[in-house]
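The lines below spell out each chain.
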Amino acid sequence: MAGNRKRSVQLWLPLLPAAVALLLLALMVWSVERVVGDELERRAEQRVEQTSAIFADRLSRVLNGQATQLDLLTLAPRQKVSREGWRLQMDRLRERNRGYVWIGATDADGLVLAASDGLLEGVSIAQRPVYLKGREGAWFGSLNSPVSLREPLTSHDRPAPRNLADIAMPYEDAEGRPAGVLAAHLDAAFYDGLREDVLGPPAARRGLQLELADVSGRRLLGERAPLSPTQWQDLLDTPVGAPRVFHTEDGESVLLVRHGVDRATLSLTTEWQVVAWQPMALALAPVRELERYVLLWGGATVLLVGLGGFWLSSRLARPFNQMIDVVAERLGPQSDAAPGTVLRVIAEQMRRLPAQGSGGSRSEQTLTQVLHDASRLQAVLQHLPSPMYLVDMDFRVLFWNDAAERMFGWSAAEAEGRHVDEIFRDKDPDNSARRAIRPAMLAEQGPWSFETHLLRRDGSDIWGEWRLTKVFGADGEAIGLLAQVRDLTVERLSEMRLREQGEVLSALINSASDAVISVDLHGRISLFNPAAARIFGREAEAMIGQPLDSLLPPEHRGEHLALMQRFSKSTTSTRPMGFGRVKGVRADGAELELEASISHITVRGQKLLTAILRDVTERVRAEQALARYQLELSELTQRLLTQEQTTTRELAQTLHDQLGQTLGAIRLSFDSLSQMSRELLPPRAQERSATVGRQIDHAIAEVRQALVRLRPPMLEDLGLTAALDNEIRQRAAEAEPVTLHLQTVGEVITQRWPDDVEYAAFMVARESVANALKHAAASRVVVRIEGDATHLRLDIVDDGTGLAEEMAFGRPGHLGMVGMRERALAIGARLSARARSGRGTRVTLIWTARPDSVFGELEVLNDPEN
């Protein structure tokens, strides 16, 4: 009998996971059909409705714009514009708008007076609907073939379109009297292009079509919806924008949505109807594909689980087989207990146990006795990783394993004998799933399962999934409930954190001041935050599903998609777009300057690219204006310094050639006169004569000193290095105890630079040395010069008190630093003045023959001595 029980356990135990997997597979297929299918159907309805609405809106806007353009043309006669001028305006309008094929105006009798390209001028169209309807008011005609225009267009080497749409309206003369009709023929291919643009790439349509028809159901543009006349009338009776599913004669289901071209924005009368439709089979094709994959992989999983169950059965059934051996040994060979589960065998043993004393219920006594007798079964239950406990029919705990102690915080000694309501506290007592099923547990046989949210003994939150099985005795009477609990706390907390993070992320994106736009690999927009809507002037909802190219200038649209797809395959997850700045286009056509970065991520197996864009249009304009101002300032400074140099040279020349020569002549005459009259003058007069001689010498010295300052000695003849050496030698005596030193690097002694560069560098060095001697309290000042024919670097370094950061651009009321910067700016050089890392100040002038070079600036910033 024990062997039969073992074989029974070994048979049903491996089949259990396979059966569960098969059940889950069936549930998954049903879920795919119900959940995913319903969601795809909802999205298909949304997409079809949105496509129809967008096409109808674009048609309405285009027709309204064309009517407005023609309405402006009707003003020409009232302004007494000549016929040639009127024709010129018509030609310009036709050339600017590719939708126009012909524009013309008739007199009151229907004779064409002026027309684009002169076509049909002098021809009467008095019997044509475009003239007859146009006299009555603004009129829009449906599509028709070009009858009278075909030959004139061919003679002008222009293609004749297959279909035309007509717009006509009356116009008045200068006195306000009706004078004729202004008419235009529009190319139907232009509207078909709008339709194709709204539909998007063929690969992404999935059977989606757009049809333009009139109220009678006659197809004007696009693919014909497979509707019968009765179904078409039903569609017209359906409210605008409401999805409808029709069944065709072929047995297919078709989803349709109708929109009329909105008259609220039109001054014209049109009865065009936009119908978007999509076969349901194509809309739900992904569901069928997913079901095939689920069945394929799910069937393989069921097979593997079944095979694995057979292999694991002997290992998993070992504790139960041992327990059955123990029970069979206790029951003896005469036992007639029916084979079945372990609990039924135990129940047979409970029936044979002698009744206990009067204290406590029979079920509690027998269960307790069995658990003590079946020590091996108790050991298995005690050490299972899942929390398990046993209660009697009064819901008092009889058994409590180690995992339950860890999960709920109650030891076995504390839990046994307590009512479960004392142990488990519901987070929401008014909505307790545990208490709600108690009547069913008492009245039914079970099993039961539920999920609930409780509080641990220490007050912390815990989530769990309960599975309850009712235990019966041999007499069929319920004696208790066995509960197994799966801890869901980690999963639920993770879900809460993910949900909170998602809400925070969504709030951040929606409140961000920068535009955040996500697209798929086909360039279709899937995320368009409010900042993007504000920057681009578009509705966020309307942009979902639209191509990103609509936000780009026309010259960048063709190559953008390939660049995004190439970036999605790279190992770099984030990088700037372009060179960190790209261009965009607002809905009104205005061009935007955007700082942009792009990143790519994979969500549910689908690659998404997200761009973060900051509108810097105003800043770019300000930078461009600043650059212009700086260029103008540089040119002005250059002219002023050139004028200063010219004036200085002329003044020096005047001092040298005129005042200097005059003082020299005075000195010679005075010396000659003094020698002649020395013996004749009294002593007092001789002293006065000596004083005058000293004053003449002083005046000559002052002129020479002024010449030195106005025209640095040796600068023009020997160059910058020699002039600086002479300047430092002359200042050395008056600078004591400060030491002045000139350092040269390489062959700069014989190197010459442009005259304006040498002059500016010399004046900067002279001013910097003077500032160091006057303000720095330095003990050593070094002038260092290096460079070649295309490069010059001049450093003036002292070991004084250093330059405060706020003084780097000059002292209030002092123009020395300002003058040095202006001289550097005038020759295209860069000047920096900053405190050294140790002690003192470094003034650096860097000039390079290459304009707008940044090498010099980088050199200053990377200098280790700075």
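Not measured: the values here are computed from a predicted model.

Visitor: What's the story with the overall build of the protein chain in this structure? I'm lost.
Guide: For the protein chain, the count of helices and strands is 28 helices and 26 strands. The burial tally for the protein chain puts 42% of its 866 residues in the buried class. Within the protein chain, residue pairs in contact and separated by at least 24 positions form 56% of the contacts whose partners lie at least 6 positions apart. Split by element, the accessible area of the protein chain, about 48100 Å² in all, is 54% carbon and sulfur.

Visitor: Please explain the pairing of strand 8 (residues 244–247) as it appears in this structure.
Guide: As a general feature of sheets, a regular strand has side chains that alternate between the two faces. Examined bridge by bridge, strand 8 and strand 9 (residues 253–260) share four bridges and lie antiparallel to one another. Each bridged residue has a counterpart across the sheet, and for His247 the counterpart in strand 9 is Ser253. Between the end of strand 8 and the start of strand 9, which pair antiparallel, lie five residues, with Gly251 showing a positive phi angle near 90°.

Visitor: Looking at this structure, how should I read the side chain of Gln278?
Guide: If you trace the backbone, Gln278 turns up in strand 10 (residues 273–279). Assessed through its relative accessible area of 3%, Gln278 is described here as buried. There is a polar contact of 2.7 Å between the side chain of Gln278 and the backbone oxygen of Arg206. What Gln278 contacts, discounting residues up to four positions off in sequence, is Ala44, Arg47, Val48, Arg205, Arg206, Gly207, Leu208, Val254, Leu255 and Ala283.

Visitor: For this particular structure, what's the right way to read unusual backbone geometry?
Guide: A negative phi angle is the norm for most residues apart from glycine, just as the trans form is the norm for most peptide bonds. Here the bond from Glu736 into Pro737 is cis, since omega is 10°, no more than 30 degrees from zero. Structurally, the position occupied by Pro737 is in the loop between helix 25 (720–735) and strand 22 (739–744). Its identity as a non-glycine residue notwithstanding, Asp117 has a phi of 60°, on the positive side. Along the polypeptide, Asp117 turns up in the loop between strand 2 (112–115) and helix 3 (129–136). According to the relative accessible area criterion, Asp117 is partly exposed, its value standing at 29%. Of note in this structure, Ala777 is not a glycine but carries a positive phi near 55°. Within the element layout of this structure, Ala777 appears in the loop between helix 26 (755–775) and strand 23 (780–788).

Visitor: When you look at the sheet that holds strand 1 (residues 100–106) in this model, what are you seeing that I'm missing?
Guide: In any sheet, the strands associate via hydrogen bonds between backbone groups, in a parallel or an antiparallel arrangement. Ordered in space as 2-1-5-4-3, the five strands form an open sheet in which the pairing is antiparallel. Pairing within the sheet leaves two strands with one partner each, and these edge strands are strand 2 and strand 3 (139–144). For this sheet, the mean angle separating the axes of adjacent strands, direction not counted, is 25°. In this sheet, strand 5 (residues 178–187) lies alongside strand 1 in antiparallel orientation, the contact comprising five bridges. Looking at the pairing, Gly104 lines up with Ala183 of strand 5. Relative to strand 1, helix 2 (residues 83–96) is tilted by about 160°, and along the sheet it contacts strand 1, strand 2, strand 4 (164–172) and strand 5. Sitting on the sheet, helix 5 (residues 188–199) touches strand 3, strand 4 and strand 5, and the angle it makes with strand 5 is about 50°.

Visitor: Would you mind showing me how to read a nonpolar patch on the surface here?
Guide: On the surface, a nonpolar cluster with roughly 500 Å² of combined accessible area is contributed by Leu16, Val20, Leu24, Leu27 and Trp30. As for its position among the elements, Trp30 is in helix 1 (residues 2–73). Judged by its relative accessible area of 52%, Trp30 falls in the exposed class.

Visitor: Would you take a moment to explain the pattern of salt bridges for this structure?
Guide: Under the definition given, this model contains 39 salt bridges. Between Glu591 and Lys583 there is a salt bridge, with the nearest N and O atoms lying 3.5 Å from each other. Residue classification places Glu591 among the partly exposed residues on the basis of a relative accessible area of 39%. Residue Lys583 is classed as partly exposed on the basis of its relative accessible area of 31%. The partner of Glu727 in a salt bridge is Arg731, and the shortest N-O contact between them spans 3.1 Å. Here the residue Glu727 and the residue Arg731 both occupy positions in helix 25, the gap between them amounting to four residues, near one helical turn. Each member of the pair, Glu727 as well as Arg731, carries the same accessibility label: buried. Each of Glu451, Glu465, Arg467, Arg486, Glu491, Arg492 and Glu495 takes part in one network of salt bridges that share partners.

Visitor: What is the right way to read the sheet that holds strand 22 from this model?
Guide: Strand order in the open sheet formed by five strands is 22-23-24-26-25, and the pairing between neighbours is mixed. Edge positions in the sheet fall to strand 22 and strand 25 (830–835), since each has one partner strand and no second. Along the sheet, successive strands turn relative to each other by an average axial angle of 10°, direction set aside. Judged from the six bridges that link them, strand 22 and strand 23 form a sheet pairing that is parallel. Bridge pairing in strand 23 places His741 opposite Val782. Its contacts with the sheet place helix 26 against strand 22, strand 23, strand 24 (791–798), strand 25 and strand 26 (841–848), and it is angled at close to 10° to strand 24.

Scoring rules and cut-offs
- Residues numbered from 1 in each chain as written.
- Predicted model: local features only at pLDDT ≥ 70, side-chain atom pairs only at ≥ 80, totals over all residues.
- Heavy atoms only, no water.
- Helix = DSSP H or I, 4+ residues; strand = E, 2+ residues; numbered from the N terminus.
- Buried < 20%, exposed > 50% of the residue type's maximum accessible area, 1.4 Å probe, protein only.
- Contact = heavy atoms within 4.5 Å.
- Areas by Shrake-Rupley, 256 points an atom, 1.4 Å probe, with all protein chains shown as cover.
- Pairing = 2+ DSSP bridges.
- Polar contact = N/O pair within 3.5 Å; in protein donor to acceptor, adjacent residues only side chain to side chain.
- Axes fitted to C-alpha atoms, helices over the stretch in contact; angles between N-to-C directions.
- Patch = residues over 30% accessible without salt bridge, like charges linked within 9 Å, V, L, I, M, F, W, Y side chains within 5 Å.
- Salt bridge = Lys/Arg side-chain N within 4 Å of Asp/Glu carboxyl O.

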